Amino acid sequence: MLTIDSKEFVVSLGNINKNIHFAGVVALTRTAVIARKDVQKKMVQIFDRPTPYALNSIYVEPAKKEDTEPVAKLGFKSLDMESAKGKSWVNPQMFGGPRVQKSFEKAISDGGVEAAGIQTGRFRFLVPTRIMKRDGYGNVPRSQLNKMKQDIVGAVKEGSIQKTKAPKVGYFVRYNKGGRPMIFNREALAKRHDQGAKQFPAMIFVAQPKYKPHFPAGKIIEESVDANLEKEYAKAIVEFVT
């Protein structure tokens, strides 16, 4: 004779429900990981030589089995938390709008240039010129930015910054003929002078850049989730329930 213990049946049913819940947690997290990879692939297509740091700035927050309604999240880390105040570097790329001031720009404009009495006005952002050395990703190396900040801010602290006369070494700020401050490099100036070339700045102060939306991360994630969530859930059911 076959007997069914109701207590055993209830426990078994409870385990199945827990397993189904866990399968959902796993499926959500795996789908988020796939979406992250899809976003990274698109970043390579849209942006000019994105750095590994930029590509890895998108992160996945796994779904938690303890939550009644688990959710997996994707987000972008800020590449410059101090300047962005918690806002990601990618916000203007996704939604359009002004770029936030980077920490080295703020240090140079506030702690360096304006502290010395050189007025930048609305020109508080910096754009490198062609004479600046670039790394393999087209960016000015951080070591050069730190050197620039050190030379300019350090000159202010020492009281040796000058508006017109160039120092013997390093980076310095000087007005151009139009009255806009620019950053020059003494070594580069000397080299171009020896070559008979026109004097050229290393960095130019510009107004706050504004972007149009051109990186539809939300759409990329949505399409990836629609394409993969159901498949990942089916896999997880087979793996953890059946």
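Since the structure is predicted, the reported quantities are computational estimates derived from the model, not experimental observations.

**Regarding the overall build of the protein chain**
Here is step 1 of the chain: The helix and strand tally for the protein chain stands at 8 helices and 8 strands.
Here is step 2 of the chain: Burial statistics for the protein chain: of 242 residues in total, 34% are counted as buried.
Here is step 3 of the chain: Within the protein chain, contacts between residues at least 6 apart in sequence are counted, and of these 59% link residues at least 24 apart.
Here is step 4 of the chain: Carbon and sulfur atoms make up 55% of the accessible area of the protein chain, which totals about 15300 Å².

**What about the nonpolar core?**
Here is step 1 of the chain: Counting residues in each nonpolar core, the largest one holds 16 residues, and the members touching the most others are Ile108, Met148, Ile183 and Met203.
Here is step 2 of the chain: Those elements that place two or more of their residues in this core are helix H5 (103-113), helix H6 (142-158), strand S5 (171-175) and strand S7 (203-206).
Here is step 3 of the chain: Apart from the residues lying within four places of it in its own chain, the contact partners of Met148 are Ile108, Met132, Tyr171, Ile183 and Met203.
Here is step 4 of the chain: In this structure, Val39, Ile58, Met94 and Ile220 belong to the second largest nonpolar core, which totals 13 residues.

**Quick look at the environment of Pro209**
Here is step 1 of the chain: Along the chain, Pro209 falls in the loop between S7 and strand S8 (210-211).
Here is step 2 of the chain: Sequence separation of Pro209 and Val127 is 82 residues, and the distance between their C-alpha atoms is 10.0 Å.
Here is step 3 of the chain: Excluding anything up to four places from it in sequence, Pro209 contacts Gly97, Pro98, Arg99 and Phe125.

**As for the side chain of Glu105**
Here is step 1 of the chain: Along the chain, Glu105 falls in helix H5.
Here is step 2 of the chain: Within the structure, Glu105 has its side chain in polar contact with the backbone nitrogen of Leu126 (distance 2.9 Å).
Here is step 3 of the chain: For Glu105, the contacting residues outside a window of four places in its chain are Arg99, Val100, Arg124, Phe125 and Leu126.

Calculation criteria
Residues take numbers from 1 onward in each chain, read along the sequence in its written order. This being a predicted model, a pLDDT of at least 70 is required before a residue's local features are given, and a value of 80 or more before pairs of side-chain atoms are given or counted; all residues contribute to the totals for chains, interfaces and linings. The basis for every side-chain value is the complete set of non-hydrogen atoms in the structure, without hydrogens or water. Labels follow the DSSP assignment, with helices taken as runs of H or I lasting at least four residues and strands as runs of E lasting at least two, numbered in each case from the N terminus. Buried, partly exposed and exposed residues are distinguished by accessible area as a fraction of the type maximum, computed with a 1.4 Å probe on protein chains only: under 20%, between the cut-offs, and over 50%, respectively. For this analysis, residues touch if any pair of their heavy atoms sits within 4.5 Å. Note on areas: Shrake-Rupley, 1.4 Å probe, and residue coverage restricted to the protein chains presented here. Side-chain atoms within 4.5 Å are what join buried Ala, Val, Leu, Ile, Met, Phe, Trp, Tyr and Cys residues into a set we call a nonpolar core. Polar contacts here mean pairs of N or O atoms no more than 3.5 Å apart (in protein, one a potential hydrogen donor and the other a potential acceptor; neighbouring residues in sequence count only if both atoms are side-chain atoms).

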